[in-house]
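# Coordinate analysis (summary)
If you want the building blocks of each chain, they are given just below.
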Amino acid sequence: MNAPTSAQTIFLDQLMGELGPVSVLAAADADLVRHGHVPDPTQAVDRTPLAVAYPRSTADVSTILRLCHQHHIAVTPQGGLTGMVGGAIPGAGGLILSLERMREIEEVDVAAATMTVQAGVPLQAVQERAEACDLFFPLDLGARGSCMIGGNIATNAGGNRVLRYGMMRELVLGLEVVLADGTIVTSLNKMLKNNAGYDWKHLFIGSEGTLGITTRAVLRLYPKPRTTNVALCGLATFDDVLAFLKEARSMLGGDLSAFEVMWKEFYEVAVQIADGPPPLEAGYPFYVLIEALGSDEQDDGARFERLLERFITSKVVKDAVVAQSAREVEGLWAIRDSSGELDRVFGEAVNFDVSIPTGNIAAFADDCRSRLREALGGGEALVFGHIADSNLHLSCKGPDGIARSGLIDATVYAAVRDWGGSISAEHGIGVGKRDYLPYSRTPSEIDLMWKIKHSLDPTGILNPGKVLPAQRSSDS
Ligand code: ZN
């Protein structure tokens, strides 16, 4: 890398002086690859970050941001580095701020049903601590062992149980953030009702580190479910899927916790990845994984089976397998969770996370596939998603793989725009989707986002280049 400029050296000396040398590693001493830096000697411009800082407290984060603000050093906040859109990729000459050493669970308040945590606590540690207190933290996603609560908040993470418990936004009651100039703003609120003025925490949830850095949070816990019922069903048409969803919502009420739909091409790949024989034969156009989490050990299982029987009798559900043990529950979920390893069988693909109004999802998927075939002269797409949340995932490749990934992106996002959908359902924007933001947001919405950005980060040091596309010249 290029040697730091004298201004950067002064900044680094001050930072090390205030935080201590064990909390700051200069680029030469840090494992930058672990922190998302991709060295590229073919690039004319050096993209190497300046250093990595590992704060241990909110006060440390405040010190770091105060100095970055004074010296105009860009900051890339990082959690578990499991994001899907490049939101944590560090910038050239900037500081990486890793929250991995802030991993204390500070308190579980059983009466309030809350847990107060630092930003670097892994999601799985929160789930396990809640469980140990006979409580439940419902956010769940494949990266649970590595992703951190701060990143879940920064991206407003979704996952498999949004249908019942909402996204991360609904699971955060209190927040502490550090602003761009180092100011600490703390509201570790534990109350469900609190209308005392603007609920500012929502500005930061989902802002991908561009407005402030979350250091601590109060999370909302739920009673631990006493029963789990899971089935995998084969269906013939998307209208049948929608009818099944409607009735499942009605019969299972608030217990319905997941309704995952897999198109047949996805299922055929997924059963090759998951261990053991396929739970249902291949060939149904749609597969639904349905889960209910309940509290009535006497009746929940019977009610779940009644729902399935009704739909099997009316031939809406062509075949179904109901998990009879915790191991079988895991086995059925493994089919759906193989989405993280599709490339082992399907090969490298371009992955999408989009939203489309639920009733239009199948028509959108068909249209998207035919547009891709036309644009690329062939290709394949695996389709699956949380359709009750209007959220669809696609893994797409052309006849020559992902050689034309830019064209695949442009084709899919144009279809999303034309169907009135969102280019990001649960993964965020980062750098990967930034240029397509105008497909899902109006110019006045993006102008408003810039006004918020300028007011909270006037010198533009917080995760620059992420989320917002270049500002229109009339605004500058
Ligand atoms: Zn998902």
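Per chain, the residues get numbers from 1 upward, laid out in the order the sequence is written. Only residues with pLDDT of 70 or above have their local features reported here, since the model is predicted, and side-chain atom pairs are shown and tallied only from 80 upward, although totals for entire chains, interfaces and linings are computed over all residues. Only hydrogens and water are set aside when side-chain values are computed; all heavy atoms of the structure are taken into account.

### A short note on the overall build of the protein
In terms of helices and strands, the protein carries 14 helices and 18 strands. Note that the radius of gyration is over C-alpha atoms, with the globule rule given as 2.2 Å times the number of residues to the power 0.38. In terms of overall size, the protein behaves like a compact globule, its C-alpha atoms giving a radius of gyration of 23 Å where 476 residues would be expected to give roughly 23 Å. In terms of overall dimensions, the protein has a C-alpha envelope of 75 × 60 × 45 Å along the principal axes. Expressed as a percentage of its 476 residues, the buried residues of the protein come to 52%. A separation of at least 24 residues holds for 73% of the contacts in the protein among residues at least 6 apart in sequence. A 1.4 Å probe and the Shrake-Rupley method give the accessible areas. Residues count as covered only by the protein chains that appear here. Taken as a whole, the protein presents about 20600 Å² of accessible surface, with 51% of it coming from carbon and sulfur. As used throughout, the charge tally considers Lys and Arg to be positive and Asp and Glu to be negative, leaving His and the chain termini uncounted. Charge positions are represented by NZ for Lys, CZ for Arg, CG for Asp and CD for Glu. The distance from the centre of the 42 positive side-chain charges to the centre of the 59 negative ones in the protein is 3 Å. Counting from the N terminus, the helices are the DSSP runs of H or I reaching at least four residues and the strands are the DSSP runs of E reaching at least two. The buried label applies to any residue whose accessible area, calculated with a 1.4 Å probe on protein chains only, is under 20% of its type's maximum; exposed applies above 50%, and partly exposed to all values in between. Any pair of residues with heavy atoms lying within 4.5 Å of one another is described as a contacting pair.

### Concerning the sheet that holds strand β2 (residues 51-53)
Two strands are said to pair when DSSP picks up at least two bridges between them. Strand order in the open sheet made by the 4 strands is β1-β2-β4-β3, with mixed pairing throughout. Edge strands, defined here as strands with exactly one partner in the open sheet, are β1 (24-26) and β3 (75-78). Ignoring strand direction, the axes of neighbouring strands in this sheet form an average angle of 20°. Two elements, β3 and strand β4 (residues 95-98), share 4 bridges in a ladder whose sense is parallel. Within β4, the position partnered with Pro 77 by the bridge is Leu 97. Here the axes come from fitting lines to C-alpha atoms, over the contacting stretch only for helices, and the angles between their N-to-C directions go from 0 to 180 degrees.

### Describing the sheet that holds strand β10 (residues 213-220)
In space, the 5 strands of this open sheet follow the order β5-β6-β10-β8-β9, with antiparallel pairing throughout. Two strands lie at the open edges of the sheet, namely β5 (105-109) and β9 (184-187), each paired on one side alone. Strand-to-strand twist across the sheet, computed as the mean angle between neighbouring axes with direction ignored, equals 10°. Bridge analysis of strand β8 (residues 172-178) against β9 gives 4 bridges, and the strand direction is antiparallel. Bridge assignment links Glu 176 to a residue of β9, and that residue is Thr 186. Docked against the sheet, helix α3 (residues 123-132) engages β5, β6 (114-118) and β10, running at close to 145° with respect to β6.

### Overview of the pairing of strand β12 (residues 227-235)
Burial of β12 is extensive: 8 of the 9 residues sit out of reach of the surface. Of the strand pairs in this sheet, β12 and strand β14 (residues 286-294) are connected by 9 bridges, and their pairing is antiparallel. In the strand pairing of β14, Gly 234 is matched with Tyr 287. Note that β12 and strand β15 (residues 317-322) share 5 bridges and pair antiparallel. Among the inter-strand pairings, Gly 234 is bridged to a residue of β15, identified as Asp 319.

### Focus: the packing of aromatic side chains
Between 30 and 60 degrees the pair is tilted, below 30 it is stacked and above 60 it is edge-to-face, where a pair is any two Phe, Tyr or Trp rings, Trp via its six-membered ring, whose centres lie within 6.5 Å. In total, this model carries 14 aromatic pairs according to the counting rule given. Centre to centre, the rings of Tyr 413 and Tyr 436 are 4.7 Å apart; their planes meet at 40°, and the pair counts as tilted. Taken as a pair, Tyr 413 in helix α13 (residues 405-418) and Tyr 436 in the loop between α13 and α14 (443-456) lie far apart in primary sequence, 23 residues in all. Judged by relative accessible area, Tyr 413 falls into the buried class, the value being 3%. Taken together, the aromatic side chains of Phe 352, Tyr 413, Tyr 436 and Tyr 439 make up a single cluster linked through ring pairs. Here the basic side chain of Lys 397 rests over the ring of Phe 346, its NZ or CZ set 4.2 Å away from the ring centre. The positively charged end of Arg 417 is found above the aromatic ring belonging to Tyr 439, 4.5 Å away from the centroid. The criterion is that NZ of a Lys, or CZ of an Arg, lies within 6 Å of the ring centre and within 35 degrees of the ring normal, and then a charge sits over that ring.

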